[in-house]
Amino acid sequence: MDESRHMSNNSFRMMTLIHDNPLRRVLDKPVKTLRAAGIRPGQQVLEVGCGPGFFTIPAAKIVGDGGFLYAIDLQPLALKAVNRKLRKAGLDNVRVTIADAASTGLPAESIDLAFLFGVIHALPLETVVPEIHRVLKSGGVLAVQTFSGRSLEGVTEGGLFAFAGKEGKVARFQKN
Ligand SMILES: C[S@@+](CC[C@H](N)C(=O)[O-])C[C@H]1O[C@@H](n2cnc3c(N)ncnc32)[C@H](O)[C@@H]1O
């Protein structure tokens, strides 16, 4: 991975202090947020921009042995941090990969739910939205959590997704 394409190691460590802070578990309950996205046992799930894995471990527990979670991030430290947590939790239903959201490397129509939590502001939607559309199964859902108040029109404007509801900070879009 070209190092200029991901945040520096120090920036990632700074981000981890905020995004993996125990206080965040109180303010932004990960299981509640994941439920708002519509995650269910047995699903094939893609997490885009997993960072240090705040959502990865609870998501893996929810999908369970019958499901599988593909977690991707541009930053190699994310892979290390998440794999460490997975080993500690004894979970083996997750594959963490260094990959760009615009080119996940996943097979077409293989995913039930893709979630983008705390990352949409950093993504070029004109390339990421078609890639998510490609990997989702028919009727699959893209869930987006945003705190910025940023408009999510970019998700629907190409006609690939239709707005399917919002719960708290999580908006859901169904594949057209
Ligand atoms: C602010 S962190 C959020 C991490 C995690 N989703 C959370 O809520 O705790 C955003 C993460 O997205 C990753 N990221 C940014 N652009 C990306 C891209 N194009 N493809 C994959 N990951 C990306 C960054 O490396 C970073 O780890």
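Residues numbered from 1 in each chain as written. Predicted model: local features only at pLDDT ≥ 70, side-chain atom pairs only at ≥ 80, totals over all residues. Heavy atoms only, no water.

Asks: Provide a residue-level description of the site of the ligand, including the pertinent values.
Replies: The environment of the ligand is formed by 20 residues, the closest being Arg24, Gly49, Asp73, Ala101 and Phe117. Contact between the ligand and Arg24: an oxygen atom at 2.7 Å from a side-chain N or O atom of the residue. Backbone polar atom of Leu74 to a nitrogen atom of the ligand: 3.4 Å apart, as the coordinates give it. Here the ligand, which alone exposes 600 Å², has 93% of that area covered by the protein. (Near = heavy atom within 4 Å. Polar contact = N/O pair within 3.5 Å; in protein donor to acceptor, adjacent residues only side chain to side chain. Areas by Shrake-Rupley, 256 points an atom, 1.4 Å probe, with all protein chains shown as cover.)

Asks: Describe the pairing of strand β5 (residues 136-145), with residues and values.
Replies: In terms of residue burial, β5 counts as a mostly covered element, since 7 of its 10 residues are buried. Of the strand pairs in this sheet, strand β4 (residues 111-117) and β5 are connected by 6 bridges, and their pairing is parallel. Within the sheet, the bridge partner assigned to Ile111 lies in β5 and is Leu136. Taken together, the 5 bridges between β5 and strand β7 (residues 170-175) define a ladder with antiparallel strand orientation. Looking at β7, one finds that Ala143 is bridged to Arg172. (Buried < 20%, exposed > 50% of the residue type's maximum accessible area, 1.4 Å probe, protein only. Helix = DSSP H or I, 4+ residues; strand = E, 2+ residues; numbered from the N terminus. Pairing = 2+ DSSP bridges.)

Asks: Go over the sheet that holds β7 with me, naming the residues and quoting the values.
Replies: One open sheet accounts for 7 strands, arranged β3-β2-β1-β4-β5-β7-β6; its pairing is mixed. At either end of the open sheet lies a strand with only one pairing partner, and these are β3 (94-98) and β6 (161-167). Each strand of the sheet is rotated relative to its neighbour by a mean of 20 degrees, with strand direction disregarded. The strands touched by helix α5 (residues 76-89) are β2 (68-73) and β3; relative to β3, the strand with the most contacts, the crossing angle is about 165 degrees. (Axes fitted to C-alpha atoms, helices over the stretch in contact; angles between N-to-C directions. Contact = heavy atoms within 4.5 Å.)

Asks: Mind laying out the packing of helix α3 (residues 30-37) against helix α4 (residues 56-63), listing which residues take part and the relevant values?
Replies: Running from N to C, α3 and α4 point in directions that differ by 55 degrees, and their axes come no closer than 9 Å. By the angle between their axes, α3 is oblique relative to α4. By crossing handedness, the relation of α3 to α4 is classed as right-handed. Along the contact surface, α3 presents Pro30, Val31, Leu34 and Arg35, while α4 presents Pro58, Ala59 and Ile62. (Parallel < 35°, antiparallel > 145°, perpendicular 65-115°, else oblique. Left-handed = near helix turned anticlockwise from the far one by under 90°.)

Asks: Can you break down the side chain of Asp28 residue by residue, with the values?
Replies: Note that Asp28 resides in the loop between α2 (22-27) and α3. In terms of polar contacts, Asp28 uses its side chain to reach the side chain of Gln145, at 3.3 Å. Among all residues touching Asp28, those that are not within four sequence positions of it are Thr33, Phe54, Phe55, Gln145 and Phe147.

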